[in-house]
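# Close look at the chain arrangement
Residues per chain are reported as follows:
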2 protein chains.
Amino acid sequence: MSNFEIQLEKYAELAVKNGINLQPGQELVVSASVESVSFVRLVAKKAYDAGAKRVYFRWTDDQLTRIDYEGAPSEVFNEYPQWDADALETLANRGAGFLDIRIPNPDLLAGIDPERISSYNKATATALKPYRQARMNDKVSWCIISVPNITWAKRVFPDLGPEEGVQKLWETIFKMTRADQEDPVAAWELHKANLGEKANYLNTKKYKKLHYKAPGTDLSIEFHPKALWCQAASDNESGTEFIANIPTEEVYTLPLKTGVNGTVTSTMPLNYSGTLIEKLSLTFKEGRIVSFSAENGEETLKRLIETDEGSHYLGEVALVPHNSPISQSGLIFYNTLYDENASCHLAIGKAYPTTLEGGAKMSQEELDANGVNDSLNHVDFMIGSAELSIDGELADGTKEPLMREGLWVI
Amino acid sequence: MSNFEIQLEKYAELAVKNGINLQPGQELVVSASVESVSFVRLVAKKAYDAGAKRVYFRWTDDQLTRIDYEGAPSEVFNEYPQWDADALETLANRGAGFLDIRIPNPDLLAGIDPERISSYNKATATALKPYRQARMNDKVSWCIISVPNITWAKRVFPDLGPEEGVQKLWETIFKMTRADQEDPVAAWELHKANLGEKANYLNTKKYKKLHYKAPGTDLSIEFHPKALWCQAASDNESGTEFIANIPTEEVYTLPLKTGVNGTVTSTMPLNYSGTLIEKLSLTFKEGRIVSFSAENGEETLKRLIETDEGSHYLGEVALVPHNSPISQSGLIFYNTLYDENASCHLAIGKAYPTTLEGGAKMSQEELDANGVNDSLNHVDFMIGSAELSIDGELADGTKEPLMREGLWVI
């Protein structure tokens, strides 16, 4: 085997063993582009090697997605096929693992009627709510990874030819996901321990608030006393540890729904639903977005925020130092999976119930009462930079520096 | 556009317009290999151009199918995902059209435990029975076509290189399906009229029996007085004409379930469920298979016949002259869609209710009472050759020649 093939095998194994942590007899659902079929075959083999009961495949094709958006009549975008939602819910209830293999394409839906896109996003989120809740509550193991194609490679490495670009992007992915290391499993154990230390520090400090300052940003975020800082590894309902994002460099927690005030400006482009949103700025009053703007994609941002009441609030606060390996690469990936791990970020929309002590077992009413935001959306956007300062405010009102010039100062 | 691209467009259009005869507002379900994605995109565009409401895609990949068969535990092959069966039934009830784009691969499951294959075939046929009935009763429009890939091209043109072979196979497909003609739609109208003449002749003659003679074959088949000879075009529940097979060269009818006696030997290899069955021979007594053999794939044939009681009986009798365009090509396609249109053939298993006057509206009990065979299977096998003679026996017992040396003598 070539060195490339060895790393490819390790990467597929990482997704199955560390990402999903597939257990013997478990079902696995792999969602991928038809373009990724050769990598998916590798994943399927690794899954059966690990004792999978059965692997199901859910295929997409960007060009066909666009053909649908261009060709179908408008009313189609108001409904999501119920049988498909039922299939996902059935599989989630049976404890299947869900591996999403994503390829970003921020130009995918350029020029498509935004009404169609937002309608279908809403119909999809509504139909898939039970399934998505099973993921966000860590009821099931799930994992998101990415693989290159020519379109994505061209975005990240515009100066390289198609083959060279794809090769370079694979190398970058192997590096960022530690698949290039002798023993990726051991490397991930170490990495989880490092992130765990940060989360423990923050959970011990129990900051009442964080204060963010940067060009275009002056924001304070309050926390519930029982908010938990979390990292890479989660436990599913059966107590099996999994890693939901590969790569991941963040520690993250729950913002109090009504405790966000001030203005924040994004520092990296956001590829949301096939459209690029750049330089978005949000102003909050008691948690609610009261005004917003964007240099590009403002219409898309507007539709995102107007999806439902919960899309006017934050659902996640995540800290990533500006010297994370992904940030140090100096690359923009146009792929939230990568870009959010180069940068402190926030998410518009639904909060992870797992970021509140006991939250995973609470009813929606209890979650509401505890300021855990609910929404059809959960969309991360990047706010980190070398100019970002964050102070932590303790219960007694004392403030202390947490990040300076984008780096940890703890 | 190159000549190839023009013919490709015509072929996609033929599938949508003549095959399915897609109506404005209708849904279309396209089943295809991920390898065929570029042709599927063309089909989707043609479907939306024709006013499709929505196109759904069902993807397969031969290598993943094999990985599943090799890797999954045995019990998996006893169940078919119910949600998928439900989805197909729902779409059939809504009047969707079903386009299957097939690529044969007779080596696909070589070496796989035949028990797994027959179990899964049976589980699939059981779960999909309502959906398959909707097709066999012409409740919905359906159409089967094929596209080349390297593996199939290598089988048909073993002496050509991969690219050259695929190109040659495309050219052959365009020719056999009349997509190479200036106006394929008009060419198909003429073709349907020619086949219709044959069917009319046979429906007027009302033969009581056919007698087949050829090396290894001495067989008589009796018909119900209300059996109908049919051809290329059928009408679906809404009265829309469609063509279920492209290409098609046959006229076909219903054998009386208990009216088959003697022995028949196949003249071409049969690619059934990823395995090749060669030189199969069946002996019938009062319709039931009482003994069988095959030079290759006998175990697969045995499992096919033993699927259920109905797999011991015939469900279709089809006549194709030995000078049909596909036969004249001199090629073996290892693809029943093509090979059955080069050759007279029979089918083991379920009969088309539409081949009995009023059959499409009959209950299973009524069909049983009229000798219309029921089974989970419907598998065609080829028995035509230049050595085949067929006599027709009229109601009064007179016999007259129908085919000599494989050709019509009417």
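The rules we used
Residues numbered from 1 in each chain as written. Chains lettered and ligands numbered in written order. Predicted model: local features only at pLDDT ≥ 70, side-chain atom pairs only at ≥ 80, totals over all residues. Heavy atoms only, no water. Helix = DSSP H or I, 4+ residues; strand = E, 2+ residues; numbered from the N terminus. Rg over C-alpha atoms; globule rule 2.2 N^0.38 Å. Contact = heavy atoms within 4.5 Å. Areas by Shrake-Rupley, 256 points an atom, 1.4 Å probe, with all protein chains shown as cover. Lys, Arg positive; Asp, Glu negative; His and termini not counted. Charge placed at Lys NZ, Arg CZ, Asp CG, Glu CD. Core = buried A, V, L, I, M, F, W, Y, C linked by side-chain atoms within 4.5 Å. Buried < 20%, exposed > 50% of the residue type's maximum accessible area, 1.4 Å probe, protein only. 1 Å grid on protein atoms, 1.4 Å probe; cavity = no way out; pocket = protein on both sides within 12 Å on 5 of 7 lines; lining within 4 Å. Points joined across faces, edges and corners; volume = space filled by probe spheres on them. Nonpolar A, V, L, I, M, F, W, Y, C, P; charged D, E, K, R; others polar. Phe/Tyr/Trp six-rings, centres within 6.5 Å; stacked < 30°, edge-to-face > 60°. Lys NZ or Arg CZ within 6 Å of the ring centre and 35° of its normal. Pairing = 2+ DSSP bridges.

## So, the overall build of chain A
Scanning chain A for helices and strands turns up 13 helices and 20 strands. The globule rule puts the C-alpha radius of gyration for 410 residues at 22 Å, and the 20 Å found for chain A is close to it. Taken along its principal axes, the extent of the C-alpha atoms in chain A is 60 × 50 × 45 Å. Of the contacts formed within chain A by residues at least 6 apart in sequence, a portion of 74% connects residues at least 24 apart. Counting only carbon and sulfur atoms, one obtains 47% of the accessible surface of chain A, whose full area is about 16,100 Å². Within chain A, the 59 negative side-chain charges are centred at a point lying 2 Å from the centre of the 40 positive side-chain charges.

## With respect to the nonpolar core
The biggest cluster of nonpolar side chains holds 180 residues, and the ones touching the most others in it are Phe39 of chain A together with Tyr11 and Phe39 of chain B. With residues near it in sequence (within four places) discarded, Phe39 of chain B still touches Leu8, Tyr11, Ala12, Ile101, Ile145, Val147 and Trp170 of chain B.

## Looking at the layout of surface pockets
All names here are of chain A. Estimated volume of the largest pocket: approximately 650 Å³. Along the walls of the largest pocket sit 30 residues, with Asn137, Asp138, Lys139, Thr354 and Ala360 positioned nearest its centre. Looking at the lining of the largest pocket, the elements with two or more residues in it are helix H6 (129-136), strand E7 (233-235) and helix H13 (364-369). The residue makeup of the lining of the largest pocket, split by class, is twelve nonpolar, eleven polar and seven charged. Around the second largest pocket sit 21 residues that line it, and Pro114, Ile117, Ser118, Arg303 and Leu304 are the ones nearest its centre. Of all elements in the fold, only helix H5 (114-127) and helix H10 (298-305) reach the threshold of two or more residues within the lining of the second largest pocket. When grouped by side-chain class, the residues that make up the lining of the second largest pocket number seven nonpolar, nine polar and five charged.

## Quick notes on the packing of aromatic side chains
Inspection of the entire model under this criterion finds 37 aromatic pairs over all chains. Arranged with centres 6.0 Å apart and planes meeting at 70°, the rings of Tyr11 of chain B and Phe174 of chain B form a pair that is edge-to-face. Of this pair, Tyr11 of chain B sits in helix H1 (residues 3-20) while Phe174 of chain B sits in helix H8 (residues 162-176), and the two are 163 residues apart along the sequence. On the basis of relative accessibility, which here comes to 0%, the residue Tyr11 of chain B falls in the buried class. Since its relative accessible area comes to 1%, Phe174 of chain B is described here as buried. Ring pairs connect the aromatic residues Phe4, Tyr11, Phe39, Trp170 and Phe174 of chain A, which therefore count as one cluster. The ring of Tyr334 of chain B carries the charged tip of Arg155 of chain B above its face, separated from the ring centre by 4.6 Å. In this arrangement the basic side chain of Arg178 of chain B is found over the ring face of Trp188 of chain B, its NZ or CZ atom lying 5.5 Å from the centre.

## Let's talk about the pairing of strand E18 (residues 389-393) of chain B
Taken residue by residue, a regular strand's side chains alternate between the two faces of the sheet. All names here are of chain B. Note: strand E5 (residues 209-214) against E18, five bridges, orientation antiparallel. Within E18, the position partnered with Leu210 by the bridge is Gly392. With four bridges connecting them, E18 and strand E19 (residues 399-404) associate as antiparallel partners. Within E19, the position partnered with Asp391 by the bridge is Pro401. Linking E18 to E19, which pair antiparallel, is a turn of five residues; within it Gly397 sits at a positive phi near 95°.

## Description of the pairing of strand E10 (residues 260-265) of chain A
All names here are of chain A. Where strand E6 (residues 217-222) meets E10, four bridges bridge the pair, whose relative direction is antiparallel. Within E10, the position partnered with Asp218 by the bridge is Thr263. Across four bridges, the pairing between E10 and strand E13 (residues 281-285) is antiparallel. Looking across to E13, one finds that Thr263 is bridged to Thr283.

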